[in-house]
Amino acid sequence: MRNKAIASGFREGLARWFRLLRSWWQADRVRVSPLEGRLLRMQPPCIVRVLGRYAQVRGRRTGHTPRGPYVCYDCELDDGHAQLWVEPIGPLCGERVRWIEAAKEHQLDGREVETYG
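So, a few notes on the structure that sits alongside this text.

**Considerations on the overall build of the chain**
Okay, step 1: Scanning the chain for helices and strands turns up one helix and seven strands.
Okay, step 2: Each helix and strand of the chain, placed in order from N terminus to C terminus, yields the pattern α-β-β-β-β-β-β-β.
Okay, step 3: Counted over contacts in the chain with a minimum sequence separation of 6, partners at least 24 positions apart contribute 34%.
Okay, step 4: If you sum the accessible surface of the chain, you get close to 8,400 Å²; carbon and sulfur atoms cover 57% of it.

**Describing the pattern of salt bridges**
Okay, step 1: One pass over the structure, following the stated rule, counts 11 salt bridges.
Okay, step 2: Glutamate 87 is the salt-bridge partner of arginine 98, the closest N and O atoms lying 3.2 Å from each other. Within this pair, whereas arginine 98 is found in strand S5 (residues 94–101), its partner glutamate 87 is found in strand S4 (residues 80–90), the two being separated by 11 residues in sequence.
Okay, step 3: For aspartate 109, the salt bridge goes to arginine 111, with nearest N and O atoms at 2.9 Å.
Okay, step 4: Owing to a relative accessible area of 32%, aspartate 109 belongs among the partly exposed residues under this scheme.

**A short note on the state of the cysteines**
Okay, step 1: Here the structure, examined in full by the defined rule, presents zero disulfides.
Okay, step 2: Cysteine 75 supplies the cysteine sulfur nearest to cysteine 46, a cysteine that is in no disulfide, at a spacing of 7.7 Å.
Okay, step 3: Residue cysteine 46 is classed as buried on the basis of its relative accessible area, which comes to 5%.
Okay, step 4: Cysteine 75 provides the cysteine sulfur closest to cysteine 72, a residue in no disulfide bond, and the two sulfurs are 8.0 Å apart.
Okay, step 5: A relative accessible area of 0% places cysteine 72 in the buried class.

**Thoughts on the nonpolar core**
Okay, step 1: In terms of nonpolar packing, the biggest core is built from 19 residues, with Met42, Val48, Tyr73, Cys75, Leu84, Trp99 and Val113 touching the most fellow members.
Okay, step 2: Going through the elements one at a time, strand S1 (47–50), strand S2 (53–65), strand S3 (68–77), S4 and S5 are the ones with two or more residues in this core.
Okay, step 3: When residues no more than four places from it in sequence are discounted, the contact partners of leucine 84 are Met42, Val71, Cys72, Tyr73, Cys75, Val97, Arg98, Trp99 and Val113.

**Some details on the environment of threonine 62**
Okay, step 1: Counting through the fold element by element, threonine 62 comes out in strand S2.
Okay, step 2: Separated by 10 residues in sequence, threonine 62 and cysteine 72 place their C-alpha atoms 6.2 Å apart.

**Thoughts on the environment of cysteine 46**
Okay, step 1: Along the polypeptide, cysteine 46 turns up in the loop between helix H1 (2–25) and S1.
Okay, step 2: Taking C-alpha positions, cysteine 46 is 9.9 Å from glycine 59, a pair spaced 13 residues apart along the chain.

Reading the values: rules and limits
- Residues numbered from 1 in each chain as written.
- Predicted model: local features only at pLDDT ≥ 70, side-chain atom pairs only at ≥ 80, totals over all residues.
- Heavy atoms only, no water.
- Helix = DSSP H or I, 4+ residues; strand = E, 2+ residues; numbered from the N terminus.
- Contact = heavy atoms within 4.5 Å.
- Areas by Shrake-Rupley, 256 points an atom, 1.4 Å probe, with all protein chains shown as cover.
- Salt bridge = Lys/Arg side-chain N within 4 Å of Asp/Glu carboxyl O.
- Buried < 20%, exposed > 50% of the residue type's maximum accessible area, 1.4 Å probe, protein only.
- Disulfide = S-S within 2.5 Å.
- Core = buried A, V, L, I, M, F, W, Y, C linked by side-chain atoms within 4.5 Å.

Here you go:
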C-alpha cells in the first residue's frame, strides 16, 4: 500500500513538472542565442552606432506582425530622429534589421549596428 502511494505521488509530481516545462516552452517569447539577441535586449538610454552615426535610444516597444515578433527602438540623433527595427527571422538566419531615418529605409546586417551601454 505504501509503495502505491509513493508511486502515485511520484507520477503526480512528474506530471506537474512536465506541465510546467510545457507551459514554459510554449510561452510567447523570442528565442535566440545571446549573441544574436544583442539587439533585442537593448534598453533606453543606450547608445547605438548605425551607418557611422551615433544615436541615443529613447524608447523601446515590442509587438507582433504576421511575419513574427519585432522590437522597435526610437532613436534621437544630433539632427533628428530615427527608428531601428529588429525582427528575428529564425535560428539559422539571424535577424532582419532596418534603420529608418528621414523617410529612408536601410536594410542592415545586425553586425553593422554597434551598441554601447
